[in-house]
Amino acid sequence: MEVGFKHTMAHQRKFLLFRALFFVMQMPVAISLPYFVLYMRETVGLTPREISYVVGIASVSILLFQQFWGYIADVRVSKKLLIVLCALGAAGFFFMFGRANRLQDFLLISIFYQFFCTPIYQLIHGFLFTHEGSEARFGNLRAYASLGFIACNLVVGIMADRLFKGNLHFIFEAYLVVTAVGLCFLFPIPERPRPPRHERPRFLDVQRHFLARPEVVWFLVMVFFYQAAHTLSYQMQALLMRDMKADNILISTSYSLAALVELPVFFSANRLIRRFGEIRLILFAAAVQTVRWMLVWNADTPEQIILISLSHAFTFGLFYAAAISFMNRQAGPHLKASAQTLFALVYFGLAGLLGNFVGGQVTGGGALSRGMSWLVTGVLHLPDRGGLRNLYVFCSLLALISCGLCLWLTLSIRSREKSLTGDLTA
C-alpha cells in the first residue's frame, strides 16, 4: 500500500515538473516572437526581405542535422543531456544577435542558433513520450507552454514600452535568464534507460521505419505546404501591425491573445483526437488558415488583426496537437524523439527554408513580387496592396494546397483501412 502511494506521488510530482518545464521553456519563444523581428527592422535596419532570409537560412541547420539529434537522443545519448546542451547553445547564440549589426552577421549566427534551438522542443516532446501515460497528457502540458508564452510575451511588451522606451536590446539578456530557470525544472525528472546496445538500430534503419510508410510521407508533404503558409506570415504580422502604427504592447497583445485561445484546444486535444482523428482535425485547421490569411490581407487596423488572431487556436493549436499525436503513433516504443525531429525537419526545416525564401521574394520587390502582383490583380481581381500584403494572399494559396493534400490523405487512409478490413474478413 505504501509502495503504491509513493509511486503515485512520484508520478504526480514528475508531471508537475513537466508542467513547469513546458511553462518556462516556451518563454524564449515569446521573447523571439515577435520582438526579435521588430529588433532587426527597427534597431538594426533590416528590410522585411532581409529578415525573411535571416529566418529562412536557419533552416539549413535543421535540414542537415535535425534527424541526427533525434537518433542520438533515442539510441546513443541521454535526452536530458541533449536538452541542456541545446538550450544553453541556443541562449548563447541568441545573445550574440544583440552584438551583431550587419546582415551577414545575422545570417551566420542564425545558422548556429537554429542548430541548437530547433531540437529543444522536439527533444522535450520525445523525453515526455518515454514516460507512461504521457500521450494523454501532451495537450494539457502544451497548454501550460502557451500560458508561459502569454505571461512572458505581455511582460516583455510592457517592459519594452514602459521601462526601456521602445528599446528592445534587453531581450537578449532576458532569453538567457528564462532558459536557465527552465533547465532547473528539467534536472529532477527521471529518465528511462535506453534500449540495450545490441538492440539499438542504425541511423538509416530508423529513417526507413518512418519513410517506408506512404501515409507518413504524404503527411510530411502536407505539413510542408501547411507550415510554409504559416511560418513567415505569422512572423511578418508584427511588421504589418507596426505599419498600422501599433505599439509594442498592442503587438504583444496580438500574439498573446493567439496563445491564450490555444488553451481550450490544448486542454481538450486528447478528447478531440479520440473523437475525430488527427487528419480530420488538420484538414479543418488548413481550411481555417486559408481564410485567416485572406482576412489579414484585408485588415485595415491593428484591432482587426487582433480579432483575426482568435483563429490561431485552430491554425496552430489544433494542427500542432494533432500533428504531434500522429507522428508519435508512428514511433513505436523507442523512437519517440526521432518521430518528433522528423516532423520538425519538415515543419521548421524544409517549410521554413523554402517558405521564407519564396515569401521574401514576394515581399519588398523580390523576384516573385511582380508575378504575385499580376496574380492578385489579374487572376484573383483583388487590389494590389503592396508586397507585404500580397504575402498573405500567397500564404493563403499555400494553405489551400495543404487542404487538398490533407483531403487526399484522409481518403487514402480510409481506403487502406477498408482494404485491410476486407482482407481480414476474407
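Residues numbered from 1 in each chain as written. Predicted model: local features only at pLDDT ≥ 70, side-chain atom pairs only at ≥ 80, totals over all residues. Heavy atoms only, no water.

Caption draft 1: Region of interest: the overall build of the protein. Scanning the protein from N- to C-terminus turns up 19 helices and zero strands. On C-alpha atoms alone, the protein measures out to a radius of gyration of 21 Å, which is about the 22 Å that the 2.2 N^0.38 rule sets for 426 residues. By principal-axis analysis of the C-alpha atoms, the protein measures approximately 65 × 55 × 35 Å. Out of the 426 residues belonging to the protein, those deemed buried represent 55%. Here the protein has roughly 18200 Å² of accessible surface; of this, 67% comes from carbon and sulfur atoms. Positive and negative side-chain charges of the protein, numbering 37 and 22 respectively, have mean locations separated by a distance of 4 Å. (Helix = DSSP H or I, 4+ residues; strand = E, 2+ residues; numbered from the N terminus. Rg over C-alpha atoms; globule rule 2.2 N^0.38 Å. Buried < 20%, exposed > 50% of the residue type's maximum accessible area, 1.4 Å probe, protein only. Areas by Shrake-Rupley, 256 points an atom, 1.4 Å probe, with all protein chains shown as cover. Lys, Arg positive; Asp, Glu negative; His and termini not counted. Charge placed at Lys NZ, Arg CZ, Asp CG, Glu CD.)

Caption draft 2: Seen up close, the confidence of the model for the protein. Of the residues in the protein, 93% have a pLDDT of 70 or more, and the chain-wide mean is 86. Here helix H1 (residues 2-25) is the element of the protein with the lowest mean pLDDT, 78, and helix H9 (residues 171-186) is the one with the highest, 96. (pLDDT = per-residue confidence, 0-100.)

Caption draft 3: Here's a closer look at the packing of aromatic side chains. Evaluation of the coordinates by the stated rule reveals 38 aromatic pairs. Here the aromatic rings of phenylalanine 94 and tyrosine 175 are separated by 4.3 Å at their centres, their planes lie at 20 degrees, and the arrangement is stacked. Of the two residues, phenylalanine 94 is situated in helix H6 (residues 79-97) and tyrosine 175 in helix H9; the sequence distance between them amounts to 81 residues. Each of the two residues, phenylalanine 94 as well as tyrosine 175, counts as buried. By way of ring pairs, the aromatic residues Phe36, Tyr39, Phe94, Phe97, Phe106, Tyr113, Phe172 and Tyr175 are connected into one cluster. Stacked on the ring of phenylalanine 15, the Lys or Arg arginine 137 has its end atom at 4.0 Å from the ring centre. Its guanidinium or amino end placed over the ring of tryptophan 297, arginine 385 lies 5.6 Å from that ring's centre, counting from NZ or CZ. (Phe/Tyr/Trp six-rings, centres within 6.5 Å; stacked < 30°, edge-to-face > 60°. Lys NZ or Arg CZ within 6 Å of the ring centre and 35° of its normal.)

Caption draft 4: Highlighting the packing of helix H5 (residues 59-76) against helix H17 (residues 336-362). Where H5 meets H17, the axes come as close as 8 Å, and the angle between the chain directions of the two elements is 180 degrees. With respect to their mutual orientation, H5 and H17 come out roughly antiparallel. Across the interface between the two elements, Ser59, Val60, Ile62, Leu63, Gln66, Gln67, Gly70, Tyr71, Ala73 and Asp74 from H5 touch Lys336, Ala337, Ser338, Thr341, Leu342, Ala344, Leu345, Phe348, Gly349, Leu350, Gly352 and Leu353 from H17. Split by residue class, the contact of H5 with H17 holds 12 nonpolar, eight polar and two charged. (Axes fitted to C-alpha atoms, helices over the stretch in contact; angles between N-to-C directions. Parallel < 35°, antiparallel > 145°, perpendicular 65-115°, else oblique. Contact = heavy atoms within 4.5 Å. Nonpolar A, V, L, I, M, F, W, Y, C, P; charged D, E, K, R; others polar.)

Caption draft 5: How the structure looks around a nonpolar patch on the surface. Taken together, the side chains of Leu211, Val217, Trp218, Val221 and Trp408 define a hydrophobic patch exposed on the protein surface, amounting to about 440 Å² of accessible area. Among the elements that make up the nonpolar patch, the one with the highest residue count is helix H11 (residues 214-243) (three residues). The class of valine 217 is partly exposed, set by a relative accessible area of 33%. (Patch = residues over 30% accessible without salt bridge, like charges linked within 9 Å, V, L, I, M, F, W, Y side chains within 5 Å. Salt bridge = Lys/Arg side-chain N within 4 Å of Asp/Glu carboxyl O.)

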